Structures are given as structure tokens and as C-alpha cells.
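Residue strings, one per chain:
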Amino acid sequence: MTTQPLSAERAFALDFAAEIERIASGVRRALSTELNRRGLVVAISGGIDSSVSAALAVRAVGAKKVHGLLLPERISSPTSTSRGRLLAEHLGIEHEVFDIAPALEALGCYARIEEVCRAVHPGYGAGWKNKIVLEGGLEGRYNHFKLVAQDPAGKIHEARLEYRQYLMIVAATNFKQRVRKTMEYFHADRLNYAVVGTPNRLEYDQGFFVKNGDGSADVKPIAHLYKSQVYAMARFMKLPDEICNATPTTDTYSLAQGQDEFYFGLPYAQMDLALWAYEHGEGAAALGAALGISEAAAMAVYADIEAKRRATRYLGGAPILMGDPPGAA
Amino acid sequence: MSAAVQVRQYILENFLFSTDTSLLGLDDSFLARGLIDSTGMLEVLLFLEESFGIKVADHEMVPDNLDSVNRIAAFIERKQG
């Protein structure tokens, strides 16, 4: 615990030039000594994390050894693809667009999601949009999800997802991240490259990723950086303004959805500061003062950080073995 | 069978894969023991709603009502009363 006031400026200060060089040399070392691969595949969403990860990949191995993938599906925002292209062209990397919608259709992804939407909101059909929204944790309640649907007239309908509906919509939606990862590894295998994972520290720590989906990778260059630092690094690296100013969205549900309402409960800048404060032993009163919320609300934020860590710890772990086979790490 | 017995049996069978009642005290905190996460709580809510004919409102989804067998039993009693 420090006596200085809690501030983002103090928490997220970083020597970006040195950090970029440290990450780049670490990635090169991983490729040459552990992974034995010749370059890097990065899926580019148009968001800040994949953009900075791709830029770091280029710093590490050069643009000629980075392969960018843009993997839109039915509900992807057109601006995601246009920003992805902009980034790839800015970095000068080879890239391609592959629409994963037909694969998702064949797997039943969209049909399963629509089944749940119809069960929760009778009348759901053509012209409706949906998203799921996290509630509860920051008010001291159990975390749960609501399905929010917008009818063609623009009216919003909300209802809590019950257990089986929640599991189904998450399972079906996770196809998106898993199909994308399948494509990333196809290209990595074909090129003898490694796959870059793009979670920031908030996502990595709080389990905001899909196991064997976006959570899967060979190297994760920004998993130790707070999202505020990722934005600052993007500006330091002079990435295009459209990317530096992009608002974080999941781009996973048809109705516009911020990452805060989907998972974190607070806007990323506040969540970043909360995680930093939690990791540095700051009291709830100090966090509350910094965020402009009550001490009790700040305690609920800390409890939610712990609950998400507990609930998602297995996502990043290796399979649990029942013995100790030779060669195990 | 009392609500507490039914709830304990359900949690033992589905969360601990056991029928050994010594594994779950009536006042044990599910959160403190790491037994029931938020998804698990949705499953428990479904069980409560289907088995006891109650409807749990969003504001009632708090540990005070749901974080032990005895708390759940008391909550059911209040809802049914």
C-alpha cells in the first residue's frame, strides 16, 4: 500500500520504447528456442488489442514474417473489417479476409442462438437483434446474464437467462472464437508460423476469453499489459487514429455490445484501475475515491475480481492429470 | 423431506458427486468453499424454481439468501410463506 493517491497516471506509467523492445526480443526468443516457428499469424479484429499485438509481431520479426487474418461473420461490424484492413495495410503485412459465416451456419451456431432468443422472447425473428448483458456482481449479487433483444421497431425486451438457456447461448456463441482459432492454426501450420494470442491483462486475469478459442495461442505479447497501457502503446506506435480511438466492443452479438456490459461491469479504464488497485493492495476506500463510488461498491468490485478469477482459473490451465507421466512439465 | 435435506441432497449429488452428508455442512458457505460459482448458482435457482414452485427475483440473488443449505431453506420458507 502506498500513500500516494490512486491514479491512472501513476498506475499505468510505462517506458513504451523499452517495453516494445523487451516484448519484441521475447517473442523472437520464444519463436527460435521454444516454438521453432518462422513467423507469426495474427487474427485482426480491428480492435485495439489485436492491432497492438500485430504491430508488436511486426516489431519482433518484420512485416514479411507476419500473416494477418480478418475473420468476419454474419453480425461482424463492417467497420471491424475496414479497420482491420487499414491496420494490415499500415503495417505492410500480408493479409486475407475469410468469412466464417458459412462454417458457423453449418455448425448450427446461428440456429441455436435464435432458438434461445425465441424461447426467451416469443416473437423473436427476422429483423430482431440480440446481446447478452452481465448483471449482479457489482451490486453484491451473483453474476447472471440477461438476454436483451431489440425488435424491428426498436423496442428493447429484457429477460434473465435461465440455466439451460444461458449455457446454450454461450456454447453456440463460442463457436465463433473456436472457428476463428481453427483458421489461425490452419495458416500457422501451413506457413510453419506460431499463433499470436491477443488478450490484454484485464481479459487474461479475469478469464474473458473462450477456452480453445481466443484463449488459445502460442505467444501472448500483451497479456501483462493493462488495457489503458495497450491504448497508450497504440498511440506510441503511431497506429491509425481510427484504431487508437476505437471503443472496445465484443463484436459477437447482433446488438451493439460494450465489453463492460458483457463481462466487466465497469468501463475498461475503471476496471483497469480496479485491477491495479487490487493487485497492489489498495484499500476499497482508496479505490472508491478514485472511481467516485462508495467504499461498499468498491468492495463489491474487489469481490467480483476474485469471483471471476476463481470461476475462470481452469480456462487457462493445462488439463488436470491423474498421475505424473515422464516428460510432463 | 425438509427443504434443507432436499437442497443438501441436490448439491451433494450434482456438485460433489456424492451422497455422503458429512461432506456438506448445513451452514457451509458455498462461496468460501469454492463449490458453487455464478453458473452453478443458475443451476441451483432452476432446481429451486422447479422443485419448490418459487420464482426468484433478480434482487433476491444475493449470498444472504443463497450461500448455504440453511440460508436457501430459510429463503424457500420465506418465499412460500
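Above this text you will find the structure in question.
This structure is a prediction, so every number in the text was calculated from the model and none was measured.

(A) Examining helix α14 (residues 295–312) of chain A more closely. All names here are of chain A. In this model α14 runs 26 Å from its N-terminal to its C-terminal C-alpha over 18 residues, within 8% of the 26 Å that 1.5 Å per residue would give. For α14, the full list of buried residues reads A298, A300, V301, D304, I305 and K308. For α14, the angular spread of buried residues about the axis comes to 155 degrees, placing them on one side. Exposed residues lying more than 90 degrees from the buried face of α14 are A296 and E306. Buried residues along α14 sit in contact with α8 (201–206), α12 (268–279) and α13 (284–291).

(B) Layout of unusual backbone geometry. A positive phi angle, near 60 degrees, is found at N212(A), a position not held by glycine. Structurally, the position occupied by N212(A) is in the loop between α8 and α9 (227–236). Owing to 13 C-beta atoms within 10 Å, N212(A) belongs among the partly exposed residues under this scheme. The backbone of F17(B) shows a phi angle near 55 degrees, a positive value even though the residue is not glycine.

(C) Main features of the sheet that holds strand β2 (residues 66–70) of chain A. Residue and element names in this part refer to chain A. In spatial order, the strands read β3-β2-β1-β7; together these 4 strands make up an open sheet with parallel pairing. The open sheet has two edge strands, β3 (94–97) and β7 (194–195), and neither has a second partner. In this structure, strand β1 (residues 40–43) lies alongside β2, joined through 4 bridges in parallel fashion. Bridging across to β2, A43 finds its partner in L69. Sheet strands touched by helix α3 (residues 48–61): β1 and β2. Its angle to β1, the strand with the most contacts, is close to 165 degrees.

(D) Examining the packing of α12(A) against α14(A) more closely. All names here are of chain A. Following both chains from N to C, one finds α12 and α14 inclined at 80 degrees, their axes separated by 10 Å at the closest point. Classified by the angle their axes make, α12 and α14 are roughly perpendicular. Listed contacts from α14 to A274, L275 and Y278 of α12 are V301, Y302 and I305. When grouped by side-chain class, the residues that make up the contact of α12 with α14 number 6 nonpolar, no polar and no charged.

What counts and what doesn't
Residues numbered from 1 in each chain as written. Chains lettered and ligands numbered in written order. Predicted model: local features only at pLDDT ≥ 70, side-chain atom pairs only at ≥ 80, totals over all residues. Helix = DSSP H or I, 4+ residues; strand = E, 2+ residues; numbered from the N terminus. Expected span 1.5 Å × (residues − 1). Buried ≥ 20, exposed ≤ 12 C-beta atoms within 10 Å, placed from the backbone. Arc of directions from axis to C-beta. Contact = placed C-beta atoms within 7 Å. Pairing = 2+ DSSP bridges. Axes fitted to C-alpha atoms, helices over the stretch in contact; angles between N-to-C directions. Parallel < 35°, antiparallel > 145°, perpendicular 65-115°, else oblique. Nonpolar A, V, L, I, M, F, W, Y, C, P; charged D, E, K, R; others polar.

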